[in-house]
Structures are given as structure tokens and as C-alpha cells.
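One-letter residues, chain by chain:
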Amino acid sequence: MSTQVTTGLQVRKSVELTIDGKKITAPEDSTLLDACRASGKEIPTLCYGDTITPKNACRVCMVELEGSRTLVPSCSRKVEAGMVVKTDTERTSHSRKLVLELLGSSVDLSLTKNVAKWNESYSANPSRFGAPSFHHDNRDDAVTGHHHSPDGQTAETVHQPVKIDNALYIRDYSKCILCYQCVDACGEQWQNTFAITTAGRGFDARISTEFAVDLTDSACVYCGNCIQVCPTGALMFTSEYEMRQDGTWNEPEQTQTDTICPYCGVGCALTLHVQDNTIVKVTSPSDHSVTHGNLCIKGRFGFQHVQNHASD
Amino acid sequence: MDLKIASGTANAEERNAVDSLLGQPSETSQGAQRDELGLRVSRGGGELRQLRHLLLPTLHSVNDRVGFISRGAINYISQRLDIAPAEIYGVATFYALFDTNERPARQVHVCIDLACRAASGCTEETIPEGAIPSPCLGTCERAPSVLVIETGVTVRQEVLAPATTKQIIELVAGKSAPIEQPIAQAAPQTPDASLVLLSRIGIVDPLSIDDYVSNDGYSALRKAFAIGAENVVVEVTASGLVGRGGAAFPTGRKWAAVASQPVKTRYLICNADESEPGTFKDRVLMEGDPFAMIESMTIAAFATGCQHGYIYLRGEYPRALRNLTNAIEVARSKKYLGDNILDSGFNFEITIFRGAGAYICGEETAIFNSIEGYRGEPRNKPPFPVEVGLFGKPTVVNNVETLFNVLPIINSSGEKYASWGSSGSKGKKLFCISGAVKKPGVYEVNFGATLRELINLAGGLKSGSQLQAVLLGGAAGGFVGPEDLDLELTLEAARAAGTTLGSGVVMVLDQSVNMVDQLQRIAAFFRDESCGQCVPCRVGTVRQQEALARLVKSSGTDNAAIDLQLLRDLGQVMRDASICGLGQTAHNAIDSALTRLKVFSA
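In every chain, residue numbers begin from 1 and rise along the written sequence. In the order they appear in the text, chains get letters beginning with A and ligands get numbers beginning with 1. Whole-chain, interface and lining totals are the exception, using all residues; otherwise, since this is a predicted model, local features are given only for residues with pLDDT of at least 70 and side-chain atom pairs are given and counted only at 80 or more.

So, about the overall build of chain B. In this description a helix means any DSSP run of H or I spanning at least four residues, a strand means any run of E spanning at least two, and both kinds are numbered starting from the N terminus. Secondary structure summary: chain B contains 25 helices and 13 strands in total. For chain B, the C-alpha radius of gyration of 24 Å lies close to 25 Å, the compact-globule estimate for 602 residues. Taken along its principal axes, the extent of the C-alpha atoms in chain B is 80 × 60 × 45 Å. In this scheme every C-beta is placed from the backbone, and a residue whose C-beta has 20 or more other C-beta atoms within 10 Å is buried, one with 12 or fewer is exposed, and one in between is partly exposed. Expressed as a percentage of its 602 residues, the buried residues of chain B come to 59%. Contacts in chain B between residues at least 24 apart in sequence constitute 70% of all its contacts with a sequence separation of at least 6. A radius of gyration in this sense is built from C-alpha atoms; the matching globule rule multiplies 2.2 Å by the number of residues raised to 0.38. Distance between backbone-placed C-beta atoms decides contact: two residues are in contact if it is within 7 Å.

Listed below in C-alpha cells is the structure:
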């Protein structure tokens, strides 16, 4: 069943499996998502990021696997020889539709890519759970294992005020789908700073510093690697946030310029996002073999000197 | 790690609580009172990170001593274990028995779950002021029940059940609870030495190993050593024993899988996080016959080659904790535990690990995270625990009742054990009967007894009671109606009837019980207990609860049809797409009430 394929200098074994009735081969250690995408299937993903070990928390990428009682998350399930996978069945469509509805009804997905398109293709209607509730209990004070009984007249949301506690970036957890990517990027997968965690449990689970202290009191080192991986716009450069508030954010007009960070000898790759000849934010290519999208505070935020003009 | 510690310093009590578990910090370690030279040295980072599994016990220690986990306490623990404060906060806020805000030393937890609210109408709204509403406390046979925790140098935990409103008010005011009822009262068939799983309940002193030994104790372990590990697995496989926690996985197959792993460091976990509403069988076994638990764990470890065992005990079982702690100490002192047990050359140790109020930690992979000092969120499967479990090593996870069955299997034989029960469900089964019966409690029967026989065994319905419904298997199980009384209680018959035996809950509800209220409680329970990791469960349990709240008003109207469809849709996505069994079963009982009992109509 297994054959060997040569990719570059490495010899990787490959396995044969069936996706939607078609036999395909995929490298061992790849995921069902990789295999599906390689064979041209479109599978929606929300919590998946290409630089973080998949948490498979959102459950929108579920596929049907023969012999499995439940659907399986394609983003993290590894391919195995002989698997028979279906990506487009009544069950997978139902799950994707409901996940889109559950998230769409509880989280502000207005800045999450592709959601409108997927809502349409899966006939998802997030408003069917009722009008969103914007009550303002502080989610940071939620008591684990307790909640106020709902009356069913509104659909609970994770709405809460935007956290603005430093000059560099804001945290708008009304947009947070709990993909865990920021926690993993801050913690053991990239930065090893551990400034943020998931706190609480269930619907009250939230990304937080210890005791929800301001970032300035936390261990945050402002590397911005959490912003880099955030898929929903919950974490955002203050510059972008303020321009969006002012209505001046104009993404189609922006240019992206790749360059090298000038600060130290590591030579991290930067992508400068420029609008009206002003740098409005900095990202880093996630496929860069050295940094994988990660920067430090200087590369991420230390760009003002580039645009200090003598006349300013 | 380069820790950044925000404001907040542990007081002497908090430091003592931490140090009592971790020992005094050495002069150069983080958190120690350092002199000028000490400030230039930092020791122990790598060493400390091996101690992360002490995080939950340390949090317990602080919570036991001062009643809550302060900023200062988290900062001190952070330095002692080299874990960032944010991570500790994430773990501390995962558990309902902990609080990160200051609170009174005395907490009166009043059960508002299914059996207790059916018995007494205890709800969030009706419990006395100052009491804390609690999910099932596992004393359903004498509902309604209360757990008092009074923190201090020695933490005091008392269970009072049944409790009147007047008594609860007195408990809140600081009065002590009367001495708890005898353990055997929870098992009305006892004392009866001819029982198989409950044979010693009410007969032996649970604190006495001599009593235990003179009542067949440690005969199975001796025999296991005599026949050898492989033959123990053979007998258990031949017995047809399947897991009693609810999932009914063949025990022999699980043991064989671990025994054949190339990795030699292996762990055994006894899942004693009995939290399924309506379940209390494991509590009775652990309280009444704790040495049997130690013996059966030792046999399981011997058979599968495990060197260390953990008992993951739910935090709300003080008497089980006391009796098991004693049993481990005594067994160790008599060479039934530790190195070279009974001169067999086999070494085995057991550690009790206390849960802290999280139903999800009964999920086998959530246990791993909880013990390792992380949030008790379930892990992905595969890899399965038999290959990659606790600390990444092959791990056997068995429920308490499952392990108790090993003793009769080894003492007689797998074949003999398999002669009990039905063709598809072998052996003895404990059922937890609560609600409107004359003698609620744990009952031992052969698989195959009918529901009617079981209810009759429990003395039949209370006088004046008419059967409305029976909840089988707990909140994750399903309701059946009076027409199902002849259902044979076997795994296969339950499956064929579209229901489940789950953990053995048989909660008998009479006409006085408000079924809508029961359903709303089940929905609230799953919402509270969802770990929050995956969307179908985290949001689905909330939407399910909201839809039920609407149905209370709209039942019988056209609008009801919409919400009934919505519930079916939610049920399907939770069942199909949740990470673990909690979300996958969070709609089962509600679904059964809608389809079998027609609680709401469109």
C-alpha cells in the first residue's frame, strides 16, 4: 500500500487513500486537510493556521471517515493507508453549517476571511438563534461552573468592550473564536513568554492574562506574534484599529513590500503594509524558513523612524 | 524561564501551604528569600519543569488553607514551579472548586442536580442565601445533599444528606454537620458476603487491612502473581469484562494493548472522577472497600506492566479520600504496595490525585492534562491512551467498578465470570437507583435483570408515586418511559431500544417531578461543564439551553416546531463534531425526552 516518493533530498513515504471515491497518494505525516486540498477539494477552516500545531477547536473542517463513529477534523487527522474519506456529505455540510451558525451568532466575524462566502455555500443563518445579546457582564469576572439562566429571547454572545491598554495593539475579544493560536504563539510553540492563557471554562472560556491584568502588567513582550496568527481581527495593530475607527482603513489601496528587518543580524523578513506612503502595520511571511512569521517588538512595531520626515 | 511576576506577594499562610507540599525553597531558587549573592544565581529551571504535575495539588493546598487562590499565591507558585502566572491562572479558573477571588473560609455546596431537585426542589433560586449551588455531589441515594468545605490549617469536609432547608441555613451559619450515615446504608443489599462486588461492604471495617485480608483480601493478587501477567490478561479477556464508566470498551483488549507496547514506562489511572449526575456506585466501593481498590489496581498494573498508578478522585468525595489515603498507607506498610510486593519482585506505587470540580476531567484524556498540570481539556484521539497517554506514555485508564470486577475474575476465572449476565453483556453490574423508590442505593445484579426487577429490588415505587420516567445512564444517558419497564438491562438490549446504561444510573422520576425543569437542568449542567475547547459543545450547549427556555413558553404553538428542529440540528452537530464524549452526549437525554416522552409538542 505504501510507496516511496522523493521530495528534494528527503525520501518520504507516501500512503494511498480514497477521497470522495478517488484514489490518491499523499505523503506520510501529512494531514487529511493537506491531502484534500492537494486533490482540489475546498475545505473551510477557521482556527487553522499554517505556523501553529492545529488545535482543531472550531470543527468547521470536519470530514467523514469510514469506520469512524464521529466526523474527524481534517486539519489534524493524519493520513493513513486505506482511509476512505468523504468531504461533501449531508453530515459534513450539516456540521459546517452549524459551526458557522454557532460562531456567527456568538462572535463578531466581520473581519474573518471567507465567512460570508461559506455562510452562503452552506446556507448558514446565524440569526436563527435569535437577536444577539450584548449584555455587559464582565466576562473576565465569570464564575467557573455558574451562569445566569437564559430566557431564550436573545442569543448570548461573547461581546465585550475592546481592551486598549498599551500603545501598540488592541484586543477585541468580541471577535475571538478561541482558536488558541495566540496562546500557542505566545507560549510553548513560538515565543515562550506565556503572557496569555485560556481562562475559565465553557462559554465563559476566554483569552486572558493572569487576573486579566493589563498587558503592561503582564509578561507580554510586544512581539506581536499573536497578532500575526489571529484569524479574526481580534488582535490588531493600534494603527489599524484607529484607522478603522476613523473610516480611513483602505486595504485595497495598500501595498505590501517585503524587506529585511534592519535592527539585528538575524535578518527577519518583514512585510510592510503601506497606505498613503505610511507604514500601517507589519507582518512577516509565515512560510519563511527561519522566522515562520515571528518577529520581535522592534521588527513588528519599530517602524516609525522610517517615516519621521524632517518636516514633521 | 524568564518569569515576569506582577504585583502581589504571598502571605505566610500561602507560602506555608505551598511549602508544605513542595518543601522549603533552597536559598538560590526562585521565590526564596535571597541574599545579595543569591540574587545572582538562578537554579532549577529544568528540574522545576519536571514538577508541573504538582501544580494542581499545590493549588489544592493553597485553596484548602486559605479558601481561594490569590495573586500572591499564584506568583509564589509560579516561582516555585517555574510556570508563568498566566498559565496558573488558566488552570485555577478551570476548576469550579477553586476561586481566584477572596471568599469566606466556609463554603456550603448544595446539590441542585437532577436527583436532588427532584427530591426537594433545590434549585439555584431556592437554596438558602450564602449557599453555593453545586452539580451532582454523588450522594443521590439520600438526596438532597450538601458538601461543606471549611478551609484552614486542616481543611474540613463534611457531607450532609439528606439535608433540610433549616439544616442548610445552620450549616451556612457555621454549625457542624452530624456524623455521616454508615457507608453500607447506601447499599441496601448489604451485608451479604455472597454478593460479588459488594461482598465486603458493611462487613469489613474499611480502615482495617486485617479485616480485608480475612475476607478474601489479597487472594486475587497472590493468584495473579502465581499465574503471571499474561495469564491475568487472558482471564480478563475471557471474562468479557467491559468498562463500567459508560463507554463499555473491552477491558482485556485495553490491557493487552498496553502490555504489548514497546515503551516500558507505563501508567495506570483509576478513573474515580465519578461526576455523572445520578452516579454514586464508585463512591460506595471506595468508601466501603478501599483495599479492594488498591488490590485490583495492583493486579491491573502487574498485568500491564505499569510502575505507577494514579487514582483520579473527584474533589467532592471526602470519605473516599480518607479511606483510600489510609488504605494506601497501610498497604504500603504491610508490603502490599511499594517495592517487591509480596516478594514477587513487582514494584508499584499509587498516588491519589484530587479533582477540583470539573466533570470533564472524567474524560480519559482530560485526566492526563489535569494530572500533568494543564487545563483539563480533552486531547485528540488518535493517538489513543494505550499508546500515548499520561506524560506521553502508554496508559491504562479504568473506571473504579471495572477494576473491582477484576478480583472475582482472578479469584475464580474469566470463564466463571462470563457465565453471569447475558450473551452480550457479561458479569455483574452495579446500578445506582435514586428517586421515587422505597430503598434507593447501589444494587448489584447480573446483566439482564429488567428495569422492573431492579425497581422492585429497590423496594418498588414509594407509596403514592406513579412512574413518570426513568433516566438511564445519567445526564449523558437517556429517559425511558413506564412502557419500558420490561427492558432488559444489558448493553445490547439498551442499544436496541435506543437508549444506554451509561454509568449505571437508574433515576426513577414520579409524577411530582417537573420534566421540563429536569431538562433545563441537564442543559445547564452541560453548559457549565463544557471545557470550552470546541465550538459545537461550547456554543451548542448554550444554544440548546436557550432553545429549551423558549420551548417552555412556546410548546404547543407553531414556534415550537422551529425550536424542536433547532434542537435536533444542535444535537447532530454536537454528536458528530465535538471533540469528546461530553459534547457528543450533551443532547442525548434531551433528545430522548423529546422523542420518547414528548415533553414538548409542536
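Now that the structure has been shown, we can carry on.
A few words on the overall build of chain A. Helix and strand counts for chain A stand at 7 helices and 15 strands. Here the C-alpha radius of gyration of chain A, 21 Å, is about what a compact globule of 312 residues would show, namely 20 Å. Projected onto its principal axes, the C-alpha positions of chain A cover 65 × 60 × 35 Å.

A few words now on the packing of helix α9 (residues 219-227) of chain B against helix α16 (residues 400-411) of chain B. Residue and element names in this part refer to chain B. Fitted lines through C-alpha atoms serve as axes, helices being fitted only where they are in contact, and the angles separating the N-to-C directions of these axes extend from 0 to 180 degrees. At their nearest, the axes of α9 and α16 sit 9 Å apart, and the two run at 60° to each other. As the angle between them shows, α9 and α16 are arranged oblique. As α9 packs across α16, the resulting crossing turns out to be left-handed. In contact with Ser219, Ala220, Lys223 and Ala224 of α9, α16 contributes Leu407, Ile410 and Asn411. In the scheme used here, Gly and all other residues not listed as nonpolar or charged are polar, with Ala, Val, Leu, Ile, Met, Phe, Trp, Tyr, Cys and Pro taken as nonpolar and Asp, Glu, Lys and Arg as charged. Considering only residue class, the contact of α9 with α16 consists of 4 nonpolar, 2 polar and 1 charged. What sets the label is the angle itself: under 35 degrees gives roughly parallel, over 145 gives roughly antiparallel, 65 to 115 gives roughly perpendicular, and the rest give oblique. Throughout, a crossing is termed right-handed when the near helix is turned clockwise from the far one, and left-handed when it is turned anticlockwise from it by less than a right angle.

What follows deals with the interface of chain A and chain B. Each partner contributes to the interface: chain A provides 47 residues, whereas chain B provides 45 residues. Secondary-structure elements contributing two or more residues to the side of chain A that touches chain B are α2 (90-106) and β10 (197-199) of chain A. Sort the elements by how many residues they give to the side of chain A that touches chain B and α2(A) lands first, with 8 residues. Its residues assigned to classes, the side of chain A that touches chain B shows 21 nonpolar, 18 polar and 8 charged.

Turning our eyes to something else, we now look at the nonpolar core. One recurring pattern in soluble globular proteins: nonpolar side chains tend to sit buried together. Residue and element names in this part refer to chain B. By definition, a nonpolar core groups buried Ala, Val, Leu, Ile, Met, Phe, Trp, Tyr and Cys residues that are joined through C-beta atoms within 7 Å. In this structure, Tyr312 and Val470 are the most contacted members of the largest nonpolar core, which totals 274 residues. For this core, the element with the highest residue contribution is helix α13 (residues 290-304), accounting for 10 residues. For valine 470, the contacting residues outside a window of four places in its chain are Leu451, Phe479, Val480, Val506, Met507, Val508 and Leu509.

Our next topic: the sheet that holds strand β3 (residues 146-150) of chain B. To summarise the sheet geometry, strands pair through backbone hydrogen bonds and adopt either a parallel or an antiparallel arrangement. Residues and elements named next belong to chain B. Two strands qualify as a pair provided DSSP detects at least 2 bridges between them. Read from one edge of the open sheet, 4 strands run β2-β1-β3-β4, paired in mixed fashion. What marks the edges here is a single partner per strand, and that holds for β2 (131-134) and β4 (156-160). Adjacent strand axes in the sheet meet at a mean angle of 25°, parallel and antiparallel pairs treated alike. Inspection of the sheet shows strand β1 (residues 106-111) paired to β3 by 5 bridges, in the antiparallel sense. Its bridge partner being in β3, histidine 109 is matched across the sheet by leucine 147. Packing against the sheet, helix α7 (residues 165-172) makes contact with β1, β2, β3 and β4, and its axis sits at approximately 160° to β1.

A few words now on the pairing of strand β5 (residues 267-272) of chain B. All names here are of chain B. Across the 6 residues that make up β5, a large majority, 6, are buried. Residues of β5 alternate between two faces, with Tyr267, Ile269 and Asn271 on one and Leu268, Cys270 and Ala272 on the opposite face, all of them buried. When β5 meets strand β6 (residues 308-313), the two strands line up parallel, connected through 6 bridges. Within β6, the residue paired with leucine 268 across the bridge is glycine 309.

Further remarks concern α13(B). Residue and element names in this part refer to chain B. Its 15 residues give α13 an end-to-end C-alpha distance of 21 Å, which sits within 8% of 21 Å, the value for a rise of 1.5 Å per residue. With respect to burial, α13 is a largely interior element, 15 of its 15 residues being buried. Within two residues after α13, glycine 305 carries a phi angle of roughly 75°, on the positive side. To estimate the expected span of a helix, count its residues, drop one, and scale the result by 1.5 Å.

Looking now at the domain arrangement of chain B. Residues and elements named next belong to chain B. Residue ranges for the domains trace back to a domain assignment, done automatically or taken from a database. Each assigned domain of chain B is listed here: domain 1 (12-92), domain 2 (106-178), domain 3 (209-418), domain 4 (428-510) and domain 5 (515-595). On a C-alpha basis, the centres of domain 2 and domain 4 stand 26 Å from each other. On the domain 4 side, the residues contacting the 6 residues of domain 2 number 9 residues. Looking at the side of domain 2 that touches domain 4 residue by residue, the class counts come to 5 nonpolar, no polar and 1 charged.

Attention shifts here to unusual backbone geometry. All names here are of chain B. The linkage connecting alanine 143 with the following residue, proline 144, adopts the cis geometry, with an omega of -5°. Within the secondary structure, proline 144 is located in the loop between β2 and β3. One non-glycine residue, aspartate 82, lies in the positive phi region at around 55°. Tracing the sequence through the fold places aspartate 82 in the loop between α4 (71-81) and α5 (85-92).

Right, let's talk about the pairing of β4(B) for a bit. Residues and elements named next belong to chain B. Pairing between β3 and β4: 5 bridges, direction antiparallel. Considered in β4, the bridge of glutamate 150 is made with arginine 156. Count of turn residues in the β3/β4 antiparallel hairpin: 5 residues.

The subject of this paragraph is the packing of α9(B) against α13(B). All names here are of chain B. Taken N-terminus to C-terminus, the directions of α9 and α13 make an angle of 10°; their axes are 9 Å apart at the nearest point. By the criterion of interaxial angle, the relationship of α9 to α13 is roughly parallel. For α9 against α13, the interelement crossing comes out left-handed. When α9 is examined against α13, the residues Ala220, Leu221 and Ala224 are found in contact with a partner set consisting of Glu295, Thr298, Ile299 and Phe302. Grouping the amino acids of the contact of α9 with α13 by side-chain chemistry returns 5 nonpolar, 1 polar and 1 charged.

This brings us to the domain arrangement of chain A. Residues and elements named next belong to chain A. Taken as a whole, chain A is organised into domain 1 (17-129) and domain 2 (169-307). Computed over C-alpha atoms only, the centres of domain 1 and domain 2 are separated by 26 Å. Its residues assigned to classes, the side of domain 1 that touches domain 2 shows 9 nonpolar, 4 polar and 3 charged.

Moving on, we come to the sheet that holds strand β10 (residues 441-446) of chain B. All names here are of chain B. Reading across the sheet, the 5 strands line up as β10-β9-β13-β11-β12 and stay open at both edges, with mixed pairing between neighbours. The open sheet terminates on both sides in strands that have one partner only, identified here as β10 and β12 (478-480). Averaged over all neighbouring strand pairs, the angle between strand axes comes to 30°, with direction disregarded. Note that strand β11 (residues 467-472) and strand β13 (residues 505-510) share 5 bridges and pair antiparallel.

All names here are of chain A. With respect to the helices and strands, glutamate 16 occurs in strand β2 (residues 10-19). Residue glutamate 16 is classed as partly exposed on the basis of its 15 C-beta neighbours within 10 Å. Spatially, the C-alpha atoms of glutamate 16 and arginine 201 are 40 Å apart, while their sequence positions differ by 185 residues.

Take helix α10 (residues 229-239) of chain B next. All names here are of chain B. Along α10, the residues classified as buried are Val232, Val233, Glu235, Val236 and Ser239. Along the axis of α10, the buried residues cluster in a sector spanning 160°; they form a single face. In this structure, the buried residues of α10 make contact with α9, α11 (251-259), α13, α16 and α17 (414-418). Remark: glycine 240 follows α10 within two positions and exhibits a positive phi of approximately 75°. Working definition: the arc comes from the directions between the helix axis and the C-beta atoms, pointing outward to the latter.

Turning our eyes to something else, we now look at the environment of Leu285(B). By secondary structure assignment, the location of Leu285(B) is in helix α12 (residues 281-288). Along the chain, Leu285(B) and Phe404(B) lie 119 residues apart, while their C-alpha atoms are 8.3 Å from each other.

Residues and elements named next belong to chain B. One can find phenylalanine 353 in strand β7 (residues 349-354). Separated by 42 residues in sequence, phenylalanine 353 and isoleucine 311 place their C-alpha atoms 5.7 Å apart. Not counting residues up to four positions away in its chain, the partners in contact with phenylalanine 353 are Tyr310, Ile311, Tyr312, Leu313 and Ile371.

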